[in-house]
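# Fold and geometry: a report
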Amino acid sequence: MISVKRLFIGISLSENHLLNIIEFQRGLPINKQIRIVPVENLHITLQFLGNIPVIDIPQLCKILSKAVSKFQPFTLEFKQYQVNIGSKPSMVWAVYYPHSDFYALQKTIGLSTTNRFNSQKPIIHCTLARFNKNLYTKELHLSDKPQNRVIEVDCIKLFESVLLPNGPIYTVLETFN
């Protein structure tokens with residue numbers, strides 16, 4: 001049996017911005033319907049890779065290193081907190097303004113790693129909490145505006161995601177500048 005790891009590529013949040021997000025998370029209702037994302041799992045996803053054979057990870061790292069070498073650092077600016085868009089909202093997001101460098105990086109990584117690219121530009125976001133679909137979302141106070149609104153994107157990270165019954169654990173395997 002081939003040994004695999006569940007991987008994704010993401011951006012970590014700055015320490016100052018994390019402090020604002022933690023403060024916001026503290027303001028969410030505490031009950032069995034809401035599960036706060038632990039601070040160590042907060043990130044912005046660029047590309048979900050899925051189950052990758054362990055033997056292929058060194059080659060994947062070489063590909064990512066080459067792809068990232070073409071990009072200059074850029075910033076993402078916080079826009080708002082919101083409930084995810086869709087027919088059955090189930091998450092609270094920190095949403096960031098669209099940014100052409102983010103989408104270009106996402107496209108390069110997608111084409112380099114999976115040879116796939118979705119031309120739809122996703123909402124740039126970080127998931128802060130998950131909730132039971134029966135939660136009355138108007139009870140959530142999402143109007144806070146953090147003071148530290150900007151994230152400097154100067155590297156990307158390859159994360160492993162281990163799914164456990166009480167939630168996933170994310171571990172950084174490699175950082176690419």
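Summarised in this report is the structure supplied together with it. (Residues numbered from 1 in each chain as written. Predicted model: local features only at pLDDT ≥ 70, side-chain atom pairs only at ≥ 80, totals over all residues. Heavy atoms only, no water.)

### Description of the layout of surface pockets
- Volume-wise, the largest pocket comes out at about 500 Å³.
- Forming the boundary of the largest pocket are 25 residues, of which H43, T45, H125, T127 and R130 lie nearest the centre.
- Elements supplying a minimum of two residues to the lining of the largest pocket: strand 2 (34-36), strand 3 (44-53), strand 5 (91-96), helix 3 (100-113) and strand 6 (125-131).
- Broken down by element, the residue count for the lining of the largest pocket peaks at four residues, all from strand 6.
- Here the residues of the lining of the largest pocket are counted per class, giving 15 nonpolar, eight polar and two charged. (1 Å grid on protein atoms, 1.4 Å probe; cavity = no way out; pocket = protein on both sides within 12 Å on 5 of 7 lines; lining within 4 Å. Points joined across faces, edges and corners; volume = space filled by probe spheres on them. Helix = DSSP H or I, 4+ residues; strand = E, 2+ residues; numbered from the N terminus. Nonpolar A, V, L, I, M, F, W, Y, C, P; charged D, E, K, R; others polar.)

### So, the pairing of strand 8 (residues 156-162)
- Along strand 8, six of the seven residues are buried, which leaves the element largely enclosed by surrounding structure.
- Pairing of strand 8 with strand 9 (residues 169-176), which is carried by seven bridges, proceeds in the antiparallel orientation. Within the sheet, the bridge partner assigned to S161 lies in strand 9 and is Y170. (Buried < 20%, exposed > 50% of the residue type's maximum accessible area, 1.4 Å probe, protein only. Pairing = 2+ DSSP bridges.)

### A closer look at the environment of L111
- Tracing the backbone through its elements, the reader meets L111 in helix 3.
- C-alpha separation for the pair L111 and A67, spaced 44 residues apart in sequence, amounts to 9.6 Å.

### Focus on the state of the cysteines
- Tallying each qualifying case throughout the model produces zero disulfides.
- Unpaired in terms of disulfides, C61 finds its nearest cysteine sulfur in C155, a separation of 14 Å.
- A residue is classified by how much of its surface remains accessible, and C61, at 14% relative accessible area, is buried.
- Here C126 stays free of any disulfide, with the sulfur of C155 as its closest cysteine sulfur at 15 Å.
- C126 gets classed as buried once you look at its relative accessible area, which sits at 0%. (Disulfide = S-S within 2.5 Å.)

### Topic: the sheet that holds strand 1 (residues 4-11)
- Pairing is antiparallel in the open sheet, where four strands are placed in the order 3-1-8-9. Two strands lie at the open edges of the sheet, namely strand 3 and strand 9, each paired on one side alone. Neighbour to neighbour, the strand axes of the sheet diverge by 25° on average, direction disregarded.
- Along the sheet, helix 2 (residues 57-68) contacts strand 1, strand 3, strand 8 and strand 9; its crossing angle with strand 8, the most-contacted strand, is approximately 150°. (Axes fitted to C-alpha atoms, helices over the stretch in contact; angles between N-to-C directions. Contact = heavy atoms within 4.5 Å.)

### Notes on the packing of helix 2 against helix 3
- At a closest axis distance of 10 Å, the pairing of helix 2 and helix 3 adopts a crossing angle of 150°. One element, helix 2, and the other, helix 3, form an angle in the roughly antiparallel class. The handedness of the crossing between helix 2 and helix 3 is right-handed. Counted together, L60, I63, L64 and A67 of helix 2 and T108, I109, S112 and T113 of helix 3 form the full contact between these two elements. (Parallel < 35°, antiparallel > 145°, perpendicular 65-115°, else oblique. Left-handed = near helix turned anticlockwise from the far one by under 90°.)

### Some points on helix 2
- The end-to-end C-alpha distance of helix 2 is 16 Å, a good match for the 16 Å that twelve residues give at a rise of 1.5 Å each.
- Of the positions making up helix 2, those classed as buried are I57, L60, C61, L64, A67 and V68. Down the axis of helix 2, the buried side of the element spans an arc of 125°, and every buried residue falls inside it. More than 90 degrees from the buried face of helix 2, the exposed residues found are P58, K62 and K66.
- Where helix 2 is buried, its residues meet strand 1, strand 3, helix 3, strand 8 and strand 9. (Expected span 1.5 Å × (residues − 1). Arc of directions from axis to C-beta.)

Without other data, these values stay purely geometric and don't point to any function.
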